[in-house]
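# Structural description and commentary
Spelled out from the first residue to the last, the chains are:
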Amino acid sequence: MSEGLLQTPFPERAGVALKDTFLQEALTIATTKFIDLRKESFAGFPAGEVLRDRARAIKEATLQHLDVHLERLADNVERLGGTVHWAATGEEAREIVLRLCRDRGVRMAVKSKSMATEEIDLNEALEHAGITTVETDLGEYIIQLAHEKPSHIIAPAIHKTKGQVAELFSRELGGRFEADPEILTAVARRVLREKFLQADLGITGANFAVADTGTVVLVTNEGNGRMVTSLPRIHVALMGIEKVIPSMSDLVVFLAILARSATGQKLSSYTTLVRGPRRAGELEGPEEFHLILLDNGRARQIASTLREALYCLRCGACLNVCPVYRQIGGHAYGYTYPGPIGILLTAMLKGNESVRELAHASSLCGACKDVCPVRIDIPRMLIELREHLDREKIAPWTERMLFRAFRRLLLSPTAFRFSARAGRWLQRPFVRAGRLRGLPLVFGSWTRTRDLPPVAARTFREQWKELR
Ligand code: SF4
């Protein structure tokens, strides 16, 4: 994400997003639709809950022997004729792709949607090296034309209305296009077909990679993934090391819950299984297949409090239900990965300093944990992250002092009793219809769009018992 954007404090970025009526409209429509579709899909799938537990257990077990699974994956990909590259950092991964392009005279690359390539700013590096790079997922294509970044993990252009897309296409592609999704999709398809045929290189991410068979799995809805992996003469797949899973039977578990969580589909329209380059006698497929295994800070998190974030399937369900994301969208977060899981992934990849403000961009309501297909305990990790920021003195001193004072108050029965009494007295002007509303000063941020329960008129003994 651009340095310029990050120089604006998060509250200001969020404030701009809150005033953007187009953004608000687009976010409400899209996230509400995703929530409803997911709910409906799981309601008619009783095995879903058991499979979510199973998927979580697979992720946990895989992480315990990640090195073994990665070695097996690499051996099997090479047995199938592919080449495996290990990239410790984003810079190394970019250099691997650029070297391949240089050595093979690549002039044009087509891409299917991949958050890992966004994470390492691959498009910028390719363009800088003079290689035309074309996104072929419709949402990604839209934001590439708009010179923007994705604002949602699975719906990169979620922040745009169809009217805005029509204007963008008319301006960038020449012509006057109606704000009709079918017309706009047909326009993009016509332009992109040519690009698939011209490209020398196809770049994809990977939703999963199966260690036992050396299979790279892509889950898409538009079929562009199949074109990217079969038409250009070289295919490069870039994946975070946590995407490896042991076996095909494990893959079945993940496929059963991934699309349901993301878009409410039983399965995505296309599940593409890539097994090396084209072999003798085969009519389709690339001449070369390269798999880049990207660490970029992941391995060191296996033993950290952020470990669970490595389970993430990038389904986007936690973004759709998050009351903060639903209000401000993805760009206000300022980094590649938005939403509640994005805060944790950003801390993981960029360090705790980068989420000094973002760590508080969550109401800790727990909705993200409820919908996560692998039950990642995002609220717990956010609380632990806040604790780390405090301990590492990254959080502002005012915040640290405030929480220290609050802790003292909770630990002292006398201070607690006194403050409860004071609170009951002070809250009187703000209690309306049994709820606290319109609080003054800094507390006003809490009650601007919601209310709070008043301090209960219970005895100190009752409150103390409750606390214990
Ligand atoms: S944390 Fe869970 S819900 Fe959020 S994107 Fe990852 S897998 Fe999906």
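Let us look at the structure shown here.

Rules and cut-offs
Residues numbered from 1 in each chain as written. Predicted model: local features only at pLDDT ≥ 70, side-chain atom pairs only at ≥ 80, totals over all residues. Heavy atoms only, no water. Helix = DSSP H or I, 4+ residues; strand = E, 2+ residues; numbered from the N terminus. Rg over C-alpha atoms; globule rule 2.2 N^0.38 Å. Buried < 20%, exposed > 50% of the residue type's maximum accessible area, 1.4 Å probe, protein only. Contact = heavy atoms within 4.5 Å. 1 Å grid on protein atoms, 1.4 Å probe; cavity = no way out; pocket = protein on both sides within 12 Å on 5 of 7 lines; lining within 4 Å. Points joined across faces, edges and corners; volume = space filled by probe spheres on them. Nonpolar A, V, L, I, M, F, W, Y, C, P; charged D, E, K, R; others polar. Near = heavy atom within 4 Å. Sits in = over half its atoms within 2 Å of the grid points. Phe/Tyr/Trp six-rings, centres within 6.5 Å; stacked < 30°, edge-to-face > 60°. Lys NZ or Arg CZ within 6 Å of the ring centre and 35° of its normal. Salt bridge = Lys/Arg side-chain N within 4 Å of Asp/Glu carboxyl O.

### Quick notes on the overall build of the protein
If you tally the helices and strands in the protein, you get 22 helices and twelve strands. Its C-alpha atoms give the protein a radius of gyration of 24 Å, within 12% of the compact-globule value 23 Å for 468 residues. Across its three principal axes, the protein shows a C-alpha extent of roughly 85 × 55 × 45 Å. Scored against the burial criterion, the 468 residues of the protein give a buried share of 51%. Look at the contacts in the protein between residues 6 or more apart in sequence, and 72% of them connect residues 24 or more apart.

### Quick notes on empty space enclosed by the protein
Summed over the entire model, instances satisfying the criterion amount to three cavities of 30 Å³ or more. Approximately 90 Å³ is the volume attributed to the largest cavity. As for the largest cavity, its lining consists of 13 residues, and the residues nearest its centre are Cys312, Cys315, Cys318, Cys372 and Pro373. When grouped by side-chain class, the residues that make up the lining of the largest cavity number eleven nonpolar, one polar and one charged. Considered as a void within the structure, the second largest cavity measures approximately 60 Å³ in volume. Along the walls of the second largest cavity sit Cys318, Cys322, Pro323, Pro340, Ser362, Ser363, Leu364, Cys365, Gly366 and Cys368, which together make up its complete lining. Grouping the amino acids of the lining of the second largest cavity by side-chain chemistry returns seven nonpolar, three polar and no charged.

### Notes on the environment of Glu284
In this fold, Glu284 is placed in the loop between β9 (270–274) and β10 (288–294). Judged by relative accessible area, which is 60%, Glu284 ranks as exposed. Sequence-wise, Glu284 and Leu231 are 53 residues apart; in three dimensions their C-alpha atoms are separated by 7.4 Å.

### So, the site of the ligand
Close to the ligand lie Cys312, Leu313, Arg314, Cys315, Gly316, Ala317, Cys318, Ile341, Cys372, Pro373, Ile376 and Ile378. With respect to the pocket detection grid, the ligand is positioned in the largest cavity. In terms of residue class, the shell around the ligand is built from ten nonpolar, one polar and one charged.

### Topic: the environment of Phe406
Its location among the elements puts Phe406 in helix α19 (residues 397–411). For Phe406 and Gln198, which are 208 residues apart along the polypeptide, the C-alpha to C-alpha distance reads 63 Å.

### Focus: the packing of aromatic side chains
Taken as a whole and judged by the stated rule, the model has four aromatic pairs. Residues Phe10 and Tyr333 carry aromatic rings whose centres are separated by 6.3 Å and whose planes lie at 45° to one another, so their mutual orientation is tilted. Highlighted residues: Phe10 in helix α2 (residues 10–19) and Tyr333 in the loop between α15 (325–328) and α16 (339–350), separated in sequence by 323 residues. When its relative accessible area of 10% is taken as the criterion, Phe10 is described as buried. According to the relative accessible area criterion, Tyr333 is buried, its value standing at 1%. Three or more aromatic residues joined by ring pairs make a cluster, and in this case those are Phe10, Tyr325 and Tyr333. Over the ring of Phe254 we find Lys59, and its NZ or CZ is 5.6 Å from the ring centre. Above the face of the Phe45 ring, Arg260 is positioned so that its terminal group lies 3.6 Å from the ring centre.

### As for the pattern of salt bridges
Counted under the stated rule, the structure contains 27 salt bridges. Salt-bridge contacts for Arg314 lead to Glu242; the nearest nitrogen and oxygen are separated by 3.2 Å. Taken together, the residues Arg314 in the loop between β10 and α14 (317–321) and Glu242 in the loop between β7 (234–240) and β8 (244–245) connect sequence positions 72 residues apart. Here Arg380 makes a salt bridge to Glu308, at a shortest N to O gap of 2.7 Å. Of this pair, Arg380 sits in helix α18 (residues 378–391) while Glu308 sits in the loop between β10 and α14, and the two are 72 residues apart along the sequence. When salt bridges that share partners are traced, they join Arg56, Glu308, Lys369, Asp377, Arg380 and Glu384 into one network.

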